[in-house]
Amino acid sequence: KDLLKRAAMGHPSVNKAEPIQVRLKDFGDNGLDLELVFWAEQSWDANIYKSEIRFEIDRLFREHKVVIPYPQRDVRMRN
């Protein structure tokens, strides 16, 4: 939660006067389904801000050694 909030707080267009929330939406097959909620200064550019914040989350996760699990599949071949 702290890293997600930090990523949002670091973005220049996020309204710092409004609360930033991290919600646990669900338990996924391979991880937690989290939602980052923030207020933007220009709501019509929200998708751009979300993308920029996601890149920052990725950077912070790598820096702090947070690993995102990805599904693995076994394929068995029959003769």
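Check the entry above for the structure.
Residues numbered from 1 in each chain as written. Predicted model: local features only at pLDDT ≥ 70, side-chain atom pairs only at ≥ 80, totals over all residues. Heavy atoms only, no water.

**Regarding the pattern of salt bridges**
What the rule picks out here adds up to four salt bridges. Here Glu-35 and Arg-23 are joined by a salt bridge, their closest N and O atoms 3.5 Å apart. One end of the pair, Glu-35, is in strand S2 (residues 32–37); the other, Arg-23, is in strand S1 (residues 21–27), and twelve residues separate them in sequence. One salt bridge in this structure joins Asp-58 and Arg-62, with 3.0 Å as the shortest N-O distance. Remark: Arg-62 and Asp-58 occur in helix H2 (residues 46–63); sequence separation between them is four residues, near one turn of the helix. With relative accessibility at 33%, the residue Asp-58 sits in the partly exposed group. Shared partners join several salt bridges into a network, and the residues in it are Glu-56, Arg-59 and Glu-63. (Salt bridge = Lys/Arg side-chain N within 4 Å of Asp/Glu carboxyl O. Helix = DSSP H or I, 4+ residues; strand = E, 2+ residues; numbered from the N terminus. Buried < 20%, exposed > 50% of the residue type's maximum accessible area, 1.4 Å probe, protein only.)

**Focus: the layout of surface pockets**
As a volume, the largest pocket reaches approximately 780 Å³. Lining the largest pocket we find 25 residues, and of these Leu-4, Leu-34, Glu-35, Leu-36 and Ile-57 sit closest to its centre. Elements supplying a minimum of two residues to the lining of the largest pocket: helix H1 (2–9), S2 and H2. Ranked by the residues each element gives to the lining of the largest pocket, the list is headed by H2, at seven residues. Here the residues of the lining of the largest pocket sort into 17 nonpolar, two polar and six charged. (1 Å grid on protein atoms, 1.4 Å probe; cavity = no way out; pocket = protein on both sides within 12 Å on 5 of 7 lines; lining within 4 Å. Points joined across faces, edges and corners; volume = space filled by probe spheres on them. Nonpolar A, V, L, I, M, F, W, Y, C, P; charged D, E, K, R; others polar.)

**Let's talk about the packing of H1 against H2**
Interhelical geometry of H1 versus H2 gives an angle of 135° and a closest axis separation of 9 Å. As judged from the angle between their axes, H1 and H2 are oblique. The hand of the H1/H2 crossing is right-handed. For the pair H1 and H2, the contacting residues are Leu-3, Leu-4, Arg-6, Ala-7 and Ala-8 in the first and Ile-53, Glu-56, Ile-57, Leu-60 and Phe-61 in the second. (Axes fitted to C-alpha atoms, helices over the stretch in contact; angles between N-to-C directions. Parallel < 35°, antiparallel > 145°, perpendicular 65-115°, else oblique. Left-handed = near helix turned anticlockwise from the far one by under 90°. Contact = heavy atoms within 4.5 Å.)

The quantities given are spatial measurements derived from coordinates; they are silent on function.
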